[in-house]
Amino acid sequence: MATARSAPDSSPLGTPPAEQSAHAGPFTRTHIDLAAARAGGIARGGVREGELSFLGSLHELVAIGLYRPALSALVSGTGAPARPPMDRAYLLKILDEEVGRQFGHPLRPVVELVLNAIDATPEHPAVVDVRVREGVVTVTDDGIGMDLRTILSRLLVPFATDKRPGVDLGRFGVGFFSVIGLGLPDPSSLSIEVETGDGTSGWSLSVLADGPEPSSLVCAIRKLTPRAGTRVQVRSSLVEAEALRAYLRDALHFFPKERAVVNLDGAPLNDGRYLSGGAHFSDALSPEDPSRVARFYVGGRALVTGISAATYHAGVKVEGCLAIPELALIDFPSAVELTEGRDALKPCRNFRATAAAFYRRLTDLARAPGTSRKSADRLAEVAAQISALMLQSAAWNEVAPELARALLGPDRYLVGPERREPLIGFLGSNVEARLFVPESFWAEREWQGFIPGERELLARELEIDHAESLSSLARRRPDLPGIVELARRSERPEAVPVALARGRKSAPGPLPCLGTRHALLVREDAPAVARRVGWAEQYALRVAFDRATGMREPDLERELIVSEPIGVTGAA
């Protein structure tokens, strides 16, 4: 095709139709004046191989797809279609929203191309080839492809999808426009080439941009030799090869290989090569409908960086979590609905059923012969973290009591990490085996209410008197030298609530004091409290009291270093 500078004025775009039809190479910036293409344009039916069927603004082509008389005229070849009578400003507003709306991850549009390729292939497993190099990504499938009517009325019309909910992966018909948004911020580098055919026809669709807004997009459709399948190539300076490869591995490595094999640069992504260890499970969600099956992968590790514990819907990552050392992957059945956010799952009945099945799978693992106490505690951590971070606590209330019995067993108590050492020091080392200490805030939050906590543990281990002020206790119990010493040390003993406690069975630990939300607990049976002892016990009493009453560690250290030694008076 000749450039606009050398072409005569016989065409709205400055290029004679004969020269346009003679050009059969790729549609590039050197072949067309983009501003002229936006201003004018051609649309004609009955074209032969290599000829242009459309050249002009993308939004004008979308208008043809929306206006049935123009669509029928272009597809049937009865002549150039009339200009569709519709509000172009409103149409551009809709396209701007669809191009600019982002997924949760900026590279997600490439995954949409892969999912569309899988949907286009009715045979299972489908084979999709993805090639990545710097600035270019190409996705190829051998599916049913598209004829001209499908291109105009499905591919290029937002939300005019023929995807089947519960069967197909795509739902909203916005994948093509999300790909445009991937490169539009740098319009000079953006080009999209689609070659497709339904076996009896072949077509190419090319998109370029000369500005960062959808109104700058120029589109060409040309007739090709009949072919089957679809090839989509996206060029953009924003496509960084290594970052895209890492994202595709993370998003698609758990895609069910029974549905499709996804090749990245010639090597399968989802054949398990990026995972090590662990176990795969497939669980039916209900006996009434065995077709609703969720897949789980639990306990393995990633062999490449970037693959994290995550939830998936048929290979589409919903949310990732880097807080869990073990991989825990969930493949939701297609019966789970997508939200209007495009890449999130709706917490519907099937979503909750999948969550419950995952928790029960962890229960089965904990009950398996040979499962250690440490492994069961890790499963409890994984279950709670995934519930909080990825499953929106779905079905947790119903399943948590069963999980607690299976994973933690009886006589376990939930305490925060910061309370572990004070409790062991106050109650004695024998209590350590009964503590369940979550590693994360999320696990601690989820397990609260389903496992007894510190209050129940203290009530089980101790006899605790009613609280009273430290000054009152010192007057009432002068037989306890430790209490008298603490009252002497306190600046305001009348303002310190204290409760005496004694062990029901076990001996006290090395710390005679423990701060709680309601009162300072002091063990009556601790040597430093019950009788006069050496400086080491008095030192432990003093430190335990200062910490339990909330003294800051730097102040505590300063007090210990510069103050008068315990039990020593005067210059000595």
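Nothing here was measured: the structure is a model prediction, and the numbers come from that model.

### Points about unusual backbone geometry
- The omega angle of the peptide bond from His 124 to Pro 125 is 0 degrees, so this bond is cis rather than trans.
- You can see Pro 125 is positioned in the loop between α6 (108-119) and β3 (126-133).
- Backbone geometry places Gln 392, a non-glycine residue, at a positive phi of 55 degrees.
- Within the secondary structure, Gln 392 sits in the loop between α11 (373-389) and α12 (396-407).

### What about the packing of aromatic side chains?
- Taken as a whole and assessed by the stated rule, the structure comprises eight aromatic pairs.
- Considering the side-chain rings of Tyr 359 and Trp 396, the 5.3 Å spacing of their centres and the 80 degrees angle between planes classify their relative orientation as edge-to-face. Of this pair, Tyr 359 sits in helix α10 (residues 349-367) while Trp 396 is found in helix α12, placing the two residues 37 residues apart along the sequence. Accessibility assignment for this pair places Tyr 359 and Trp 396 in one class, buried.
- Among the aromatic residues, those joined into a ring-pair cluster are Phe 296, Phe 358, Tyr 359, Trp 396, Trp 447 and Phe 450.

### So, the nonpolar core
- Judged by nonpolar contacts, the single largest core of 74 residues is most densely connected at Val 130, Ile 192, Leu 205 and Leu 248.
- Core analysis: the second largest hydrophobic core is formed by 46 residues, Cys 321, Leu 379, Ala 383 and Leu 403 among them.

### Observations regarding the sheet that holds strand β11 (residues 275-284)
- On the basis of which strands lie adjacent, the open sheet formed by five strands has the order β11-β12-β15-β13-β14 and mixed pairing. Looking along the sheet, the strands with just one partner apiece sit at the ends: β11 and β14 (316-321). This sheet shows a mean twist of 15 degrees between the axes of neighbouring strands, independent of strand direction.
- Pairing of strand β13 (residues 309-313) with β14 involves five bridges; the strand directions are antiparallel. Of the residues in β14, the one forming a bridge with Tyr 312 is Lys 317.

### Overview of the packing of helix α4 (residues 68-76) against helix α7 (residues 148-155)
- Following both chains from N to C, one finds α4 and α7 inclined at 155 degrees, their axes separated by 9 Å at the closest point. The pairing of α4 with α7 is recorded here as roughly antiparallel in orientation. Seen along the crossing, α4 lies across α7 with a hand that is right-handed. Counting all contacts with α4, which are made through Leu 71, Ser 72, Leu 74 and Val 75, the residues of α7 involved are Leu 148, Arg 149, Leu 152 and Ser 153.
- Across the contact of α4 with α7, the residue classes tally to five nonpolar, two polar and one charged.

### A short note on the pattern of salt bridges
- Under the criterion given, the structure shown has 35 salt bridges.
- A salt bridge links Arg 360 to Glu 402, with the shortest nitrogen-to-oxygen separation between them at 3.6 Å. Residue Arg 360 is found in helix α10, and its partner Glu 402 is found in helix α12; the two are separated by 42 residues along the sequence.
- According to the relative accessible area criterion, Arg 360 is partly exposed, its value standing at 39%.
- Taking relative accessible area as the criterion, Glu 402 reaches 23% and is therefore assigned partly exposed.
- One salt bridge connects Asp 411 with Arg 460, and the closest N-O pair in it is separated by 3.4 Å. You can see Asp 411 sitting in the loop between α12 and β16 (413-414) and its partner Arg 460 sitting in helix α15 (residues 454-461), a full 49 residues away along the chain.

### Overview of the environment of Glu 381
- In this structure, Glu 381 sits in helix α11.
- Taking C-alpha positions, Glu 381 is 9.1 Å from Trp 442, a pair spaced 61 residues apart along the chain.
- Setting aside residues no more than four positions away along its own chain, Glu 381 makes contact with Pro 438, Glu 439, Ser 440 and Ala 443.
- Of the polar contacts made by the side chain of Glu 381, one reaches the backbone nitrogen of Glu 439; its length is 2.9 Å.

### Observations concerning the sheet that holds strand β1 (residues 42-43)
- The 10 strands lie next to each other as β1-β2-β7-β6-β5-β8-β4-β3-β9-β10, forming an open sheet whose pairing is mixed. One side of each edge strand has no neighbouring strand; the edge strands of this open sheet are β1 and β10 (267-268).
- With six bridges joining them, strand β5 (residues 191-198) and strand β6 (residues 202-209) adopt antiparallel strand pairing. Bridge pairing in β6 links Ser 191 to Leu 208.

### Points about the packing of α10 against α11
- Their axes nearest at 10 Å, the elements α10 and α11 cross at an angle of 175 degrees. By the angle class used here, α10 and α11 are roughly antiparallel. Only Leu 379, Ala 383, Ile 386 and Ser 387 of α11 make contact with α10, whose side of the interface consists of Phe 358, Tyr 359, Leu 362, Leu 365 and Ala 366.
- Of the residues in the contact of α10 with α11, the class split is eight nonpolar, one polar and no charged.

### Description of the confidence of the model for the protein
- Counting all residues, the mean pLDDT for the protein is 84, and 87% of those residues have values of 70 or more.
- The model gives residues 1-24 a pLDDT under 50, and that stretch makes 46 contacts with residues more than four places away or in other chains.

### Considering the pairing of β5
- Among the eight residues that make up β5, six are buried, leaving the element largely enclosed by the rest of the structure.
- Where β5 folds back on β6, the antiparallel hairpin that results is connected by three residues, among which Gly 199 adopts a positive phi of roughly 100 degrees.
- Where β5 lies against strand β8 (residues 228-235), eight bridges are found, and the strand directions are antiparallel. Each residue of the ladder has a partner; that of Val 194, found in β8, is Val 232.

### Observations concerning helix α17 (residues 481-489)
- Among the residues of α17, Pro 481, Gly 482, Ile 483, Leu 486 and Ala 487 are the ones counted as buried.
- Of the surrounding elements, those touching the buried residues of α17 are α16 (470-476), β20 (497-503), β21 (513-515), β22 (520-523), α18 (527-530) and α19 (535-548).

### Structural notes on the side chain of Glu 446
- Looking at the element boundaries, Glu 446 is found in helix α14 (residues 441-447).
- Not counting residues within four places of it along the chain, the set of residues in contact with Glu 446 comprises Ala 384, Ser 387, Ala 388, Ser 393 and Trp 396.

Thresholds applied
- Residues take numbers from 1 onward in each chain, read along the sequence in its written order.
- Thresholds applied to this predicted model are a pLDDT of at least 70 for local features of residues and 80 or more for the giving and counting of side-chain atom pairs; totals over whole chains, interfaces and linings are not thresholded and use all residues.
- The basis for the side-chain values is all heavy atoms of the structure; hydrogens and waters are excluded.
- The secondary structure listing takes helices from DSSP runs of H or I that are at least 4 residues long and strands from runs of E that are at least 2 residues long, numbered from the N terminus.
- Think of it this way: a Phe, Tyr or Trp ring, Trp meaning its six-membered ring, pairs with another when their centres are within 6.5 Å, and the plane angle makes it stacked under 30 degrees, edge-to-face over 60, tilted otherwise.
- Burial classes: relative accessible area under 20% of the type maximum marks a residue as buried, over 50% as exposed, and values in between as partly exposed (1.4 Å probe, protein chains only).
- Residues belong to one nonpolar core when they are buried, are Ala, Val, Leu, Ile, Met, Phe, Trp, Tyr or Cys, and are joined through side-chain atoms within 4.5 Å.
- Whether two strands pair comes down to DSSP finding at least two bridges between them.
- Note on definitions: angles span 0 to 180 degrees between N-to-C directions of axes, and those axes are lines fitted to C-alpha atoms, for helices only across the stretch in contact.
- Put simply, angles under 35 degrees are roughly parallel, angles over 145 are roughly antiparallel, angles from 65 to 115 are roughly perpendicular, and the rest are oblique.
- For a crossing to be left-handed, the near helix must be turned anticlockwise from the far one by less than a right angle; the clockwise case is right-handed.
- Any two residues whose heavy atoms approach within 4.5 Å at even a single point are treated as in contact.
- As a working rule, the residues Ala, Val, Leu, Ile, Met, Phe, Trp, Tyr, Cys and Pro are called nonpolar, Asp, Glu, Lys and Arg charged, and the rest polar, with Gly in that last group.
- The term salt bridge refers to a pairing of a side-chain nitrogen on Lys or Arg with a carboxyl oxygen on Asp or Glu at a separation within 4 Å.
- Within 3.5 Å is the distance limit for a polar contact, defined as a pair of N or O atoms, with the added protein rule that one can donate a hydrogen and the other accept it, and that residues adjacent in sequence qualify only through two side-chain atoms.
- A residue's pLDDT is the predictor's confidence in that residue, given on a scale from 0 to 100.

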